[in-house]
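Here's the letter readout for the chains.
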Amino acid sequence: MYFVEQMTQNDIAEVLGVGRVTVVRMLAEARARNEVRIAIEGELSDIIRQERALEQKFGIERAIVAPFSSGGDNPIPVIGAATGYFLSEAMKPGMSVGVGWGRTLFGTLPHISPRPLADFRVISLLGGVGVARKSNPAEFAWRFAQIFQGDGYLIPAPAVVDSVETKRALIERCGLSEIFTLADKLDAVLVSVGDIASASTFYRGGFLTEDERLKLAASGAVGDLLFHFFDKAGKLVDHRINDLGMSVDVDRIRKAPMRILTSGGPEKIDALLGAMKLVSPTVLITDEQSARQLIEAQGE
């Protein structure tokens, strides 16, 4: 009635014999259940220019810039939507996809069109199943796999362990080597970056103490990718935490033919600049304000 017949909410309420508030709630629930999807068709010339500039300046195969009004300071919803639309088309049968975690990646889920893909596998690229959180790495991996009715492979271990010996034992003696071997044959990786500031998912999730954060910042770290902390030049910083994360190493990530980096926000520009050099993404998805700052920074 509302989306097809273009009836007003008051008219619908009268036909159904319910209150208008009930109609509003039902429409909201329909969108939440993905029964209703809204897409905007058409290209914006300024956005297209930014995409071409990003591709040329950073050597990216494809840049996707999401429109973002200057009135807000949180680009995650628009980046998540753009990433979800891209993944809906980019994921194919038979693919093995390694995935990270974070608020940006979780923001993609409502915008991905569900469809069954034969022999589709999703491999979580890091541990972190010890505590049930909304942004838990395992939570995103299995939900992403579920969208395409694929198989999910998780790393049943903490995000960070206490020693290199513990990490080695978990991988070699507890069956985790099979998961890490899968990461050698990925068709695509989907990751985002966190900044070194206190707003990052890593810090907010309780995986990083304030003292460790300050030491990382002092060593030149500008962000992390799968718990690998790096500087603006894309080099891993000299800090023990880089050896203690239960995550797939950067060399394995670089092997994937399709490397999708999705992130944005004024606090993440340095982290994005470093991540470009760290993993050399083939696809970058960000918002227009972040794109503008990245282009300017690369020009400098």
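The rules behind these values
- Residues numbered from 1 in each chain as written.
- Predicted model: local features only at pLDDT ≥ 70, side-chain atom pairs only at ≥ 80, totals over all residues.
- Heavy atoms only, no water.
- Axes fitted to C-alpha atoms, helices over the stretch in contact; angles between N-to-C directions.
- Helix = DSSP H or I, 4+ residues; strand = E, 2+ residues; numbered from the N terminus.
- Left-handed = near helix turned anticlockwise from the far one by under 90°.
- Contact = heavy atoms within 4.5 Å.
- Nonpolar A, V, L, I, M, F, W, Y, C, P; charged D, E, K, R; others polar.
- Pairing = 2+ DSSP bridges.
- pLDDT = per-residue confidence, 0-100.
- Salt bridge = Lys/Arg side-chain N within 4 Å of Asp/Glu carboxyl O.
- Buried < 20%, exposed > 50% of the residue type's maximum accessible area, 1.4 Å probe, protein only.
- Expected span 1.5 Å × (residues − 1).
- Arc of directions from axis to C-beta.

## Looking at the packing of helix α13 (residues 269-279) against helix α14 (residues 288-299)
Okay, so step 1: In contact at an axis separation of 10 Å, α13 and α14 are set at 65° when each is read in the N-to-C sense. Considering how the two elements wind past one another, α13 and α14 form a crossing that is right-handed. Together, Ile-269, Leu-272, Leu-273 and Met-276 of α13 and Ser-290, Gln-293, Leu-294, Ala-297 and Gln-298 of α14 make up the contact between the two elements.
Okay, so step 2: Its residues assigned to classes, the contact of α13 with α14 shows six nonpolar, three polar and no charged.

## A look at the sheet that holds strand β7 (residues 223-225)
Okay, so step 1: Pairing is antiparallel in the open sheet, where three strands are placed in the order β6-β7-β8. Of all strands in the sheet, those bounded by a partner on one side alone are β6 (194-195) and β8 (228-230).
Okay, so step 2: Relative to β7, β6 runs antiparallel, the two being bridged by two bridges. Along β7, the bridge assignment pairs Gly-194 with Asp-224.
Okay, so step 3: Here α13 sits on the sheet in contact with β6, β7 and β8, set at roughly 110° to β8.

## Focus: the confidence of the model for the protein
Okay, so step 1: Across the protein, pLDDT averages 88, with 91% of residues at or above 70.
Okay, so step 2: Considering each helix and strand of the protein separately, the mean pLDDT is smallest for helix α9 (residues 201-204), with a value of 55, and largest for strand β9 (residues 258-262), with 98.

## Topic: the pairing of strand β3 (residues 121-124)
Okay, so step 1: One ladder, built from four bridges, connects strand β2 (residues 96-99) with β3; its direction is parallel. By the bridge assignment, Gly-98 is partnered in β3 with Ile-123.
Okay, so step 2: In this sheet, strand β4 (residues 151-153) lies alongside β3 in parallel orientation, the contact comprising three bridges. Bridge pairing in β4 places Arg-121 opposite Asp-151.

## Brief notes about the sheet that holds strand β1 (residues 62-66)
Okay, so step 1: Sheet architecture is open: seven strands sit in the order β1-β10-β9-β5-β2-β3-β4, paired in parallel fashion. Only two strands of the sheet have a single neighbouring strand rather than two, namely β1 and β4. On average, each strand axis in the sheet is inclined to that of its neighbour by 15°, with strand direction left out of account.
Okay, so step 2: Strands in contact with helix α3 (residues 45-58) are β1 and β10 (283-287); relative to β1, the strand with the most contacts, it is inclined by about 145°.

## Remarks on the pattern of salt bridges
Okay, so step 1: Scanning all chains against the criterion turns up 15 salt bridges.
Okay, so step 2: When the shortest N-O distance is used, the salt bridge between Glu-51 and Arg-52 registers 3.7 Å.
Okay, so step 3: Judged by its relative accessible area of 10%, Glu-51 falls in the buried class.
Okay, so step 4: One salt bridge in this structure joins Glu-288 and Arg-292, with 3.8 Å as the shortest N-O distance. In this pair, Glu-288 and Arg-292 are both assigned in helix α14, four residues apart and thus about one turn of the helix distant.
Okay, so step 5: The class of Arg-292 is partly exposed, set by a relative accessible area of 39%.
Okay, so step 6: Members of the salt-bridge network, linked through shared partners, are Arg-25, Glu-29, Arg-33 and Glu-35.

## Side note on the pairing of β10
Okay, so step 1: In terms of residue burial, β10 counts as a mostly covered element, since five of its five residues are buried.
Okay, so step 2: By the alternation rule, side chains of β10 split into Val-283, Ile-285 and Asp-287 and Leu-284 and Thr-286, which are all buried.
Okay, so step 3: The pairing of β1 with β10 spans five bridges and is parallel. Bridged to Ala-63 within β10 is Leu-284.
Okay, so step 4: Sheet topology note: the β9/β10 ladder contains three bridges and is parallel.

## Considering α14
Okay, so step 1: Taking 1.5 Å per residue as the helical rise, α14 with its 12 residues ought to reach 16 Å, and the 16 Å between its terminal C-alpha atoms agrees with that figure.
Okay, so step 2: Within α14, the full set of buried residues consists of Glu-288, Ser-290, Ala-291, Leu-294 and Ile-295. Each buried residue of α14 lies within a common arc of 155° when the element is viewed along its axis, so the set occupies one face.
Okay, so step 3: Here the buried face of α14 lies against α3, β1, α13 and β10.

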